[in-house]
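Chains, contacts and geometry: an overview
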Amino acid sequence: LEGVLNNPPTELYELAEVVANPAAGVREGLARLVADNDDSLVVLPEKIEHILSGARENVNLCKSTEVQEFFRNLFEFIAATSPVTVKLCGWDLYHAHLFAVPSSKDLGLLFHAREHPEEFTMSKTKIYPIGHNHAGGDLDPRMGTQYSIDDPQFPLRNYLWTLKS
């Protein structure tokens, strides 16, 4: 993974430029990055669908396999170099949020690890035992979790990458 952070694909720089242009904006920038044809649609395996937020029926790949590989390498880099244990799985690190900073023509990814600790709940009033019917049964996103919010290292869960850093 040596050098993974030093060589972002040119498409990401192009996206930052487009997003910085008020006439184009984020939608046009993402349209250039994400494929929009039926061949690029990804059918999500049922076993991971329950841990995702947002639209599940319109998940597309990036047009560039280089961008896909770069993003994958970022996840692997975090898991390999984090000062605390990070696992690439549904209850730990499995997603990031893309954001733009148009004023500086920059992009970033905010990664969240320890996403589903023992105390995670969709209920506003009760934390059900892992695997309980009210927590999703076999689809409870905490299945297999090794983390608790009481762990001293729990706060070390966010990782930030920016194009210009």
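Before any of the text, the structure's been laid out above.
A few points on the structure. (Residues numbered from 1 in each chain as written. Predicted model: local features only at pLDDT ≥ 70, side-chain atom pairs only at ≥ 80, totals over all residues. Heavy atoms only, no water.)

In this fold, H112 is placed in strand β2 (residues 106-112). Judged by relative accessible area, which is 15%, H112 ranks as buried. At 2.6 Å, the side chain of H112 forms a polar contact with the side chain of N158. Among residues more than four places away in sequence, those in contact with H112 are D92, L93, Y94, H95, H97, R157 and N158. (Helix = DSSP H or I, 4+ residues; strand = E, 2+ residues; numbered from the N terminus. Buried < 20%, exposed > 50% of the residue type's maximum accessible area, 1.4 Å probe, protein only. Polar contact = N/O pair within 3.5 Å; in protein donor to acceptor, adjacent residues only side chain to side chain. Contact = heavy atoms within 4.5 Å.)

Here the focus is the packing of aromatic side chains. Applying the stated rule across the entire model yields three aromatic pairs. A centroid spacing of 4.9 Å and a plane angle of 85 degrees characterise the contact between F75 and F111, whose relative ring orientation is edge-to-face. One end of the pair, F75, is in helix α4 (residues 65-81); the other, F111, is in strand β2, and 36 residues separate them in sequence. By relative accessible area, F75 is classed as buried at 18%. Taking the ring centre of Y147 as reference, the NZ or CZ of R114 above it sits at 4.4 Å. (Phe/Tyr/Trp six-rings, centres within 6.5 Å; stacked < 30°, edge-to-face > 60°. Lys NZ or Arg CZ within 6 Å of the ring centre and 35° of its normal.)

This part takes up α4. Taking 1.5 Å per residue, 17 residues should reach 24 Å; α4 reaches 24 Å between its end C-alpha atoms and fits that length. Among the residues of α4, V67, F70, F71, N73, L74, F75 and I78 are the ones counted as buried. Sitting at the head of α4, S64 places a side-chain oxygen 3.1 Å from the backbone nitrogen of E66. (Expected span 1.5 Å × (residues − 1).)

Turning to unusual backbone geometry, a few remarks are in order. Positive phi is not limited to glycine here, since K105 has a value of about 50 degrees. Position of K105 relative to the elements: it lies in the loop between β1 (96-101) and β2. One non-glycine residue, R114, lies in the positive phi region at around 55 degrees.

Distances and angles like these do not, on their own, reveal function.
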